[in-house]
Amino acid sequence: MSDHSEAPVAPVEAYEPPYYVAVFTTVRTQDQSGYSETNARMEDLVKDVPGFLGMDHAQTPGGLGITVGYFRDADALTEWRSNAEHRAAQKRGQAEWYQSYTLHVAKVERSHGFRRA
């Protein structure tokens, strides 16, 4: 969602399954007025959802953006999806910021990670 160049680069840790992921893939429009502020607000707001586990972001040089949100259970994901501020941001995104997007929601059945010592 946002530029995290100042933050340490590390993926969200592997959690004990099952849990859920929401994969949001976007291509943005040229006019991004207000996007950064709204994006920062959404990142703060989702952290208050009980069961939110974390978020990963990636952006290609060609403009494809990918955000993966991790949620402990379907109820947490539903709470985020139903949040009034989030819904308003979605509508503004469709009207102003996104050329196109896809959303994929999946239940994670296997998860592991690696970190070099």
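Predicted model only: the values in this text are computed from it and were never measured.

> Mind showing me how you'd approach the UniProt feature "domain: ABM" (unreviewed entry) in the protein here?
On the UniProt side, "domain: ABM" (unreviewed entry) is annotated at positions that read residues 19-92 here. Its end C-alpha atoms 29 Å apart, residues 19-92 is made of 41% helix and 35% strand.

> How do you make sense of the pairing of strand 3 (residues 64-71) when you look at a structure like this?
Side-chain positions along a regular strand alternate between the two faces of the sheet. Counted residue by residue, strand 3 has 6 buried out of 8 residues, so it is predominantly covered. The pairing of strand 1 (residues 19-28) with strand 3 spans 8 bridges and is classified as antiparallel. Looking across to strand 3, one finds that Thr26 is bridged to Gly65. In this sheet, strand 3 lies alongside strand 2 (residues 52-59) in antiparallel orientation, the contact comprising 7 bridges.

> What's the story with the nonpolar core in this structure? I'm lost.
Nonpolar side chains tend to gather and get buried jointly when the protein is soluble and globular. The biggest cluster of nonpolar side chains holds 13 residues, and the ones touching the most others in it are Met42, Val46, Val49, Phe52, Phe71, Leu77 and Trp80. At the level of elements, strand 1, helix 1 (35-46), strand 2 and helix 2 (74-82) are the ones that each hand at least two residues to this core. Dropping the residues within four chain positions of it, Phe52 is found in contact with Val46, Lys47, Tyr70 and Phe71. One finds Val12, Val21, Leu53 and Tyr70 within the second-largest nonpolar core, a separate group that totals 8 residues.

Parameters at a glance
Residues numbered from 1 in each chain as written. Predicted model: local features only at pLDDT ≥ 70, side-chain atom pairs only at ≥ 80, totals over all residues. Heavy atoms only, no water. UniProt positions renumbered as here; feature names shortened; annotations may be inferred. Helix = DSSP H or I, 4+ residues; strand = E, 2+ residues; numbered from the N terminus. Buried < 20%, exposed > 50% of the residue type's maximum accessible area, 1.4 Å probe, protein only. Pairing = 2+ DSSP bridges. Core = buried A, V, L, I, M, F, W, Y, C linked by side-chain atoms within 4.5 Å. Contact = heavy atoms within 4.5 Å.

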